[in-house]
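# Examining the three-dimensional arrangement
Now for the letters of each chain:
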Amino acid sequence: MSGRPEVGAAHRHDRHPPPEGRGETDMKIGIIGAGNIGGNLTRRLTTLGHDVSVANSRGPHTLTALAEETGATPVPVEEAARGAEIVVVTIPVKALQNLPSGLLDEAADGVAVIDTGNYYPQRDGRIAAIEDEGLTESRWTERRIGHPVIKAFNGTYAQDILERPRPAGAPDRLALPVAGDDEVAKRKVRALIDELGFDTVDTGGLDDSWRQQPGTPVYGLREGVDGVTKALAEASRERPADFRG
């Protein structure tokens, strides 16, 4: 199983037309990781008019097709957060150790960092702090990055980012759980998710984010606010055997 629900190859849309102009709310966004989630967030966020820089571990030259399709700027990982108001980290947990130090030094003041990742011991190796000490996955990630994170998109099917946006108030609008300690950053992330066409449910602080980790009822759930709220309430803190090393 990958770092998010299995979706197969990254879904591609035809080349997006360039946005007609940038509004006051358009932001500079850095995306680290160009897999299914990172690639589809790049597609949607550029369509919405945001200034997106995207990076991966293999280098900007491997992102030419995505850049041509979307208008995003391919950059080295070291430059992905430069000037960014929101940074999305969407890489395997085991790859966090390879991120450069000072990654967020040149980000905008008050940058919100979104962690989309999931810990899979079969892929990432066993992490005692998570399994034995009960540290939530995103708390562990936060400590590796050295900056507060907001947990979102970790249980989202990548194709839904492209195919399931709905206007606010639509009866079939999906909701995504969002956790984090920084309330200002959380509001910024929730507003962005709303712009992408999804409702959100506040899971609480990062220490409560176990409610949306792999193996919980909300993980991979395609429901609205009521269904997501119910699933979060039904979560068990005990890690399922399939997600233990």
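No experiment lies behind these values; they were computed from the predicted model shown.

## A few points about the confidence of the model for the protein chain
Detailed reading of the predicted model is not advised wherever pLDDT is low. Per-residue confidence for the protein chain gives a mean pLDDT of 91; residues scoring 70 or more make up 90%. In the model, residues 1-24 has pLDDT below 50 throughout and makes 59 contacts with residues more than four positions away in sequence or in other chains.

## Section: the environment of Tyr119
Here Tyr119 is to be found in the loop between strand E5 (112-115) and helix H3 (121-124). Take Tyr119: its relative accessible area is 0%, and that puts it in the buried class. Discounting residues that sit within four places of it in the chain, Tyr119 has contacts with Val93, Asp124, Gly125, Arg126, Ile127, Ile130, Glu131, Glu137, Pro214, Arg239 and Phe243. Looking at Tyr119, its side chain comes within polar contact range of the main-chain nitrogen of Ile127, at 3.0 Å. Of note is the side chain of Tyr119, whose polar atom sits 2.6 Å from the side chain of Glu131.

## Side note on the pairing of strand E1 (residues 28-32)
With four of its five residues buried, E1 lies for the most part within the structure. Pairing analysis gives five bridges linking E1 to strand E2 (residues 51-55), with the strands arranged parallel. Considered in E2, the bridge of Gly30 is made with Ser53. In terms of handedness, the path from E1 via helix H1 (residues 36-47) over to E2 forms a crossover that is right-handed. Alignment of E1 against strand E4 (residues 86-89), held across four bridges, turns out to be parallel. Within E4, the residue paired with Ile29 across the bridge is Ile86.

## Remarks on the pattern of salt bridges
Inspection of every chain in the model, using the stated rule, returns 18 salt bridges. The salt bridge partner of Arg82 is Glu106, with a shortest N-O separation of 3.2 Å. Of this pair, Arg82 sits in the loop between strand E3 (73-74) and E4 while Glu106 sits in the loop between E4 and E5, and the two are 24 residues apart along the sequence. For Glu234, the salt bridge goes to Lys230, with nearest N and O atoms at 2.6 Å. Salt bridges sharing partners connect three or more residues here, namely Arg139, Glu142, Asp181 and Asp207.

## Digging into helix H7 (residues 183-196)
Since the α-helix advances by 3.6 residues per turn, residues separated by three or four positions end up pointing in the same direction. Along its 14 residues, H7 runs 20 Å from first to last C-alpha, staying within 8% of the 20 Å computed at 1.5 Å per residue. N-capping of H7 is provided by Asp182, with a side-chain oxygen placed 3.1 Å from the backbone N of Val184. Directly beyond the C-terminal end of H7, a positive phi value near 110 degrees is found at Gly197.

## Here we look at helix H8 (residues 225-233)
If you check which residues of H8 are buried, you get Val228, Ala231 and Leu232. Burial along H8 is one-sided: seen end-on, the buried residues are contained in an arc of 100 degrees. The outward face of H8, more than 90 degrees from its buried face, is lined by the exposed residues Asp226, Lys230 and Ala233. On its buried side, H8 packs onto strand E7 (175-179) and strand E8 (199-204).

## Structural notes on unusual backbone geometry
Unlike most non-glycine residues, Phe153 shows phi in positive territory, near 70 degrees. Mapped onto the fold, Phe153 is located in the loop between strand E6 (150-151) and helix H6 (158-163).

## What to know about the packing of aromatic side chains
Under the counting rule described, the total for this entry stands at one aromatic pair. Residues Tyr120 and Phe243 carry aromatic rings whose centres are separated by 6.0 Å and whose planes lie at 40 degrees to one another, so their mutual orientation is tilted. Linking Tyr120 in the loop between E5 and H3 with Phe243 in the segment after H8, this pair joins segments that are 123 residues apart in sequence. Residues Tyr120 and Phe243 agree in their burial class; the two are buried. Its guanidinium or amino end placed over the ring of Trp140, Arg144 lies 4.4 Å from that ring's centre, counting from NZ or CZ. Between Arg222 and the ring centre of Tyr157, over which it is positioned, the NZ or CZ distance is 4.1 Å.

About the thresholds
Residues numbered from 1 in each chain as written. Predicted model: local features only at pLDDT ≥ 70, side-chain atom pairs only at ≥ 80, totals over all residues. Heavy atoms only, no water. pLDDT = per-residue confidence, 0-100. Contact = heavy atoms within 4.5 Å. Helix = DSSP H or I, 4+ residues; strand = E, 2+ residues; numbered from the N terminus. Buried < 20%, exposed > 50% of the residue type's maximum accessible area, 1.4 Å probe, protein only. Polar contact = N/O pair within 3.5 Å; in protein donor to acceptor, adjacent residues only side chain to side chain. Pairing = 2+ DSSP bridges. Right-handed = clockwise from strand over helix to strand, strands pointing away. Salt bridge = Lys/Arg side-chain N within 4 Å of Asp/Glu carboxyl O. Expected span 1.5 Å × (residues − 1). Arc of directions from axis to C-beta. Phe/Tyr/Trp six-rings, centres within 6.5 Å; stacked < 30°, edge-to-face > 60°. Lys NZ or Arg CZ within 6 Å of the ring centre and 35° of its normal.

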